[in-house]
Amino acid sequence: MPPRIVLATLNSKYSHASFGLRYLMANLGEYRENAVLREFTIHETAGEILEAVLDEKPDIVGFGVYIWNVRETTAIIAMLKAVRPDVRVIIGGPEVSYEYEDTEIFRLADHLITGEADHALRELVDGLARGRDMPKVTPAQPPDVATLALPYELYTDDDLAHRLIYVEASRGCPFKCEFCLSSVEIPVRAFDTTLFLNELEKLLDRGARSFKFVDRTFNLNTRISGAILEFLLARHREGFELHFEMIPDRLPAELREIIKRFPPGAVQFEVGIQTFNEEISTRISRRQNVARIEENFAFLRAETGVHIHADLIFGLPGESLDTFADSFHRLLTLDPDEIQLGILKRLRGTPISRHTEAFGMVYNSQAPYEVLQTSTVPFATMQRMKRFARYFELYHNSGNFVASSALVYEAAPVEGTQATGPFFHFLAFADWLWKETGQTHQFALNRLFRLLFVWLTEHCGLEPERVADAMMEDWDRHKIRKERPEFLKPWVDFITPRRNRGAGEDEARSRKWGSGRESRPA
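Residues numbered from 1 in each chain as written. Predicted model: local features only at pLDDT ≥ 70, side-chain atom pairs only at ≥ 80, totals over all residues. Heavy atoms only, no water.

Student: Sorry, what's going on with the packing of helix H11 (residues 290-303) against helix H12 (residues 321-334) here?
Tutor: The angle between the axes and the distance between the axes are what describe a pair of packed helices. Two elements in contact, H11 and H12, have axes separated by 9 Å at closest approach and are oriented at 30°. From H11, Val290, Ile293, Glu294, Phe297 and Arg301 reach across to H12, where they touch Arg330, Leu331 and Leu334. Looking at the contact of H11 with H12 residue by residue, the class counts come to 5 nonpolar, no polar and 3 charged. (Axes fitted to C-alpha atoms, helices over the stretch in contact; angles between N-to-C directions. Helix = DSSP H or I, 4+ residues; strand = E, 2+ residues; numbered from the N terminus. Contact = heavy atoms within 4.5 Å. Nonpolar A, V, L, I, M, F, W, Y, C, P; charged D, E, K, R; others polar.)

In structure tokens, the structure reads:
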């Protein structure tokens, strides 16, 4: 009798469906009919998860292990082996594919598959089912994608209605950025475009409206990416949301013409900038044409309705507060809709570790392995930047403070810092927020407005009427509440209703960052 198999993982949120588990299930061959897929979240208790897994009466349990769930998955496996030592545990995933030898989760597991396990899992299960003595570690070679069974039918109707639908037109990455695991996933392998589009058609027929492409470089092959965009454009309907990870300096004319035809808000591009510093880029083996990046941003802003999500990394080897400030301002002036500020992580297996000694890189030994300090950034500064990133999410990326957050970049605090420019002005604000509140989460929206008002008027010396005007513009833009904030009532007579303001003035207000080339501390 074939073994009963449970494929399980812990997602960070319910809305994140596990793409990897669905690939494993789709390629289990004759063992698929005796397998079940169980997804949980990291917010559920280990006991509840284990109970649900054991309710399936498994002989084999496979866990997908990632940076966000390794601690919780380790605890579940420890409990599983304590109460049911006869159950075979197989682990796999990016977090256990490299430098796994001394980890607790590897010690607890019976078997580990490193790399892309689409075919390797079936082979391992087959060996166990036939009573063979299978090795503890199975290195899986990157499969020929033409041999893979595609997993899209495994998305349920509930998935289509409530979760992100992950798809991929290719695997691998041609670049060698040393902080990224994709730097070891060479070469790029494209799925057959016709077969892939047929699968998308089926999902669309079932009601799918949101696709997140996990391709590391969606626009690498213009012919393929163009065909996919044309396909989706022809089938566009209200509520469509399409997310692509794009190479920021590669946007040829043929792609531009297609992108321009999508309605505003239908497409999101995630573009990894990480740094504009040429010396640091060279050091981490990252190639990018900055002039083309700036040209592409200008095109996207002026001629399309694409939502742009751009990434910067703080803590790269040799990075300082000043060099990061330059990258921050350069990206801010390009006006993406969101700027994701991340702290460098030393992911297992990535070549960034070669800089550890030369640049005094000290990393947290626990996931997510963020850098704690470097030879150019002390621990206290790294902590400040973590808070900076969180407050930036609240005030910039949320979209709730378009006009009033622009005042933060413009206005220097009266006391407390010699450095000026958008980055240092927001850093001073972040430092004050932390001192004033001692928290980075669980802020009511009204309180965020009040704190910003106090900062701009009492610490930056701006006229209360001007700040109130910007805040009411933000408040009314989103119709946050009918009643205006109580603390703004003394200045309400000075507020110009937004309906009387021209669109050009709104745009100028939201995009005024200043020159950003002001003095830096010695």
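Student: I'm lost on the pattern of salt bridges in this one. Help?
Tutor: Between side chains of opposite charge, a pair can form when the charged atoms approach closely. Enumeration over the complete set of coordinates arrives at 37 salt bridges. Measuring nitrogen to oxygen at the nearest pair gives 3.0 Å for the salt bridge that ties Arg4 to Glu56. In this pair, Arg4 sits in the segment before strand S1 (5-11) while Glu56 sits in the loop between helix H2 (46-54) and strand S3 (60-64), placing the two residues 52 residues apart along the sequence. A salt bridge links Arg132 to Asp126; the nearest nitrogen and oxygen atoms lie 3.9 Å apart. A residue is classified by how much of its surface remains accessible, and Arg132, at 48% relative accessible area, is partly exposed. For Asp126, a relative accessible area of 10% translates into the label buried. One salt-bridge network, in which partners are shared between bridges, spans Glu116, Asp118, Glu168, Arg171 and Arg189. (Salt bridge = Lys/Arg side-chain N within 4 Å of Asp/Glu carboxyl O. Buried < 20%, exposed > 50% of the residue type's maximum accessible area, 1.4 Å probe, protein only.)

Student: Just to check I follow, could you spell out the sheet that holds strand S13 (residues 307-314) for this structure?
Tutor: Reading across the sheet, the 6 strands line up as S7-S10-S11-S12-S13-S14 and stay open at both edges, with parallel pairing between neighbours. The sheet is open, and its two borders are formed by strand S7 (165-167) and strand S14 (338-343), each paired with just one other strand. When strand polarity is set aside, the average angle formed by the axes of neighbouring strands in this sheet is 25°. As paired strands, strand S12 (residues 267-274) and S13 are joined by 6 bridges and run parallel to one another. Residue Glu270 lies in a different strand from S13, and its bridge partner there is His309. Packing of helix H7 (residues 193-205) onto the sheet brings it into contact with S7 and strand S10 (210-213), and relative to S10 it is tilted by some 150°. (Pairing = 2+ DSSP bridges.)

Student: I tried to follow the state of the cysteines on my own but got confused; where do I start?
Tutor: Structurally, a disulfide amounts to a covalent bond that connects the sulfur atoms of two cysteines. One pass over the full model with this rule turns up 0 disulfides. Among the cysteines around Cys177, which has no disulfide bond, Cys173 carries the closest sulfur, lying 6.5 Å off. The exposure class assigned to Cys177 is buried, which follows from its relative accessible area of 10%. For the unlinked cysteine Cys180, the closest cysteine sulfur is that of Cys173, found at 6.4 Å. (Disulfide = S-S within 2.5 Å.)

Student: Before we go on, may I ask you to explain the packing of helix H13 (residues 379-397) against helix H15 (residues 422-437) in this structure?
Tutor: Here H13 crosses H15 at 95°, and the two axes come no closer than 9 Å. By the angle between their directions, the pair H13 and H15 is classed as roughly perpendicular. When H13 is examined against H15, the residues Arg384, Met385, Arg387, Phe388, Tyr391, Phe392 and Tyr395 are found in contact with a partner set consisting of Phe423, Phe426, Leu427, Phe429, Ala430, Asp431, Leu433, Trp434 and Thr437. Considering only residue class, the contact of H13 with H15 consists of 12 nonpolar, 1 polar and 3 charged. (Parallel < 35°, antiparallel > 145°, perpendicular 65-115°, else oblique.)

Student: Please clarify how unusual backbone geometry should be interpreted in this entry.
Tutor: Where the residue is not glycine, phi is negative for most of them; where a peptide bond is considered, it is trans in most cases. For the peptide bond that leads from Ala367 to Pro368, omega is 15°, which places it in the cis range. Residues other than glycine seldom take positive phi values, yet Asp335 does so here, at roughly 65°. As for its placement among the helices and strands, Asp335 is situated in the loop between H12 and S14.

Student: Where do I start with the environment of Val402 in this structure?
Tutor: Residue placement: Val402 occurs in helix H14 (residues 402-410). On a C-alpha basis, the gap between Val402 and Ala470 in space is 8.6 Å, while along the polypeptide they are 68 residues apart.

Student: Explain the sheet that holds strand S6 (residues 137-139) here, please?
Tutor: Whenever strands of a sheet pair, they do so through backbone hydrogen bonds, lying parallel or antiparallel. Reading across the sheet, the 6 strands line up as S2-S1-S3-S4-S5-S6 and stay open at both edges, with parallel pairing between neighbours. Since the sheet does not close on itself, it has two edges, and those belong to strand S2 (35-41) and S6, each with one partner. Within the sheet, the average angular offset between the axes of one strand and its neighbour, ignoring direction, is 20°. Summarising the sheet, S1 and S3 pair through 5 bridges and their orientation is parallel. Directly across from Leu7, in S3, lies its bridge partner Gly62. This element, H2, spans S1, S2 and S3 of the sheet and lies at about 170° to S2.

Student: In this structure, what is going on with the side chain of His243? I would like to understand it.
Tutor: Take His243: it is sitting in strand S11 (residues 241-246). Engagement of the side chain of His243 in a polar contact is seen with the side chain of Lys212, the distance being 3.2 Å. If near-sequence neighbours (up to four positions away) are discounted, His243 is found in contact with Phe211, Lys212, Phe213, Gln268 and Glu270. (Polar contact = N/O pair within 3.5 Å; in protein donor to acceptor, adjacent residues only side chain to side chain.)

Student: Explain H2 here, please?
Tutor: Spacing of three or four residues puts side chains on the same side of an α-helix, whose turn is 3.6 residues. Listed as buried for H2 are Ile49, Leu50, Ala52, Val53 and Leu54. Contacts made by the buried residues of H2 are with S1, S2, S3 and helix H3 (70-83).

Student: Hey, could you run me through the packing of aromatic side chains in this one?
Tutor: Pairs of aromatic rings are described using the distance from one ring centre to the other and the angle between the two planes. Overall, the coordinates contain 33 aromatic pairs when judged by the stated rule. Where Phe426 meets Phe429, the ring centres are 5.7 Å apart and the plane angle is 85°; that geometry is what we call edge-to-face. Taken as a pair, Phe426 and Phe429 lie in helix H15 at a separation of 3 residues, close to a single helical turn. Side by side, Phe426 and Phe429 carry an identical accessibility label, which is buried. One cation-aromatic arrangement involves Lys136 over Phe106; the distance from NZ or CZ to the ring centre is 4.4 Å. Its end group placed over the ring of Phe276, Arg330 keeps NZ or CZ at 5.3 Å from the ring centre. (Phe/Tyr/Trp six-rings, centres within 6.5 Å; stacked < 30°, edge-to-face > 60°. Lys NZ or Arg CZ within 6 Å of the ring centre and 35° of its normal.)

Student: Hey, could you run me through the pairing of strand S4 (residues 88-92) in this one?
Tutor: Of all the 5 residues making up S4, 4 are buried; the element is thus mostly covered by neighbouring parts of the structure. Pairing geometry for S3 and S4, over 5 bridges, is parallel. Its bridge partner lying in S4, Ile60 is registered against Arg88. Assessed by its sense of winding, the connection that carries the chain from S3 through H3 to S4 is right-handed. Note: S4 against strand S5 (residues 111-114), 3 bridges, orientation parallel. If you follow Ile90 over to S5, its bridge partner there is His111. (Right-handed = clockwise from strand over helix to strand, strands pointing away.)

In short, shape yes, function no, at least from these values alone.
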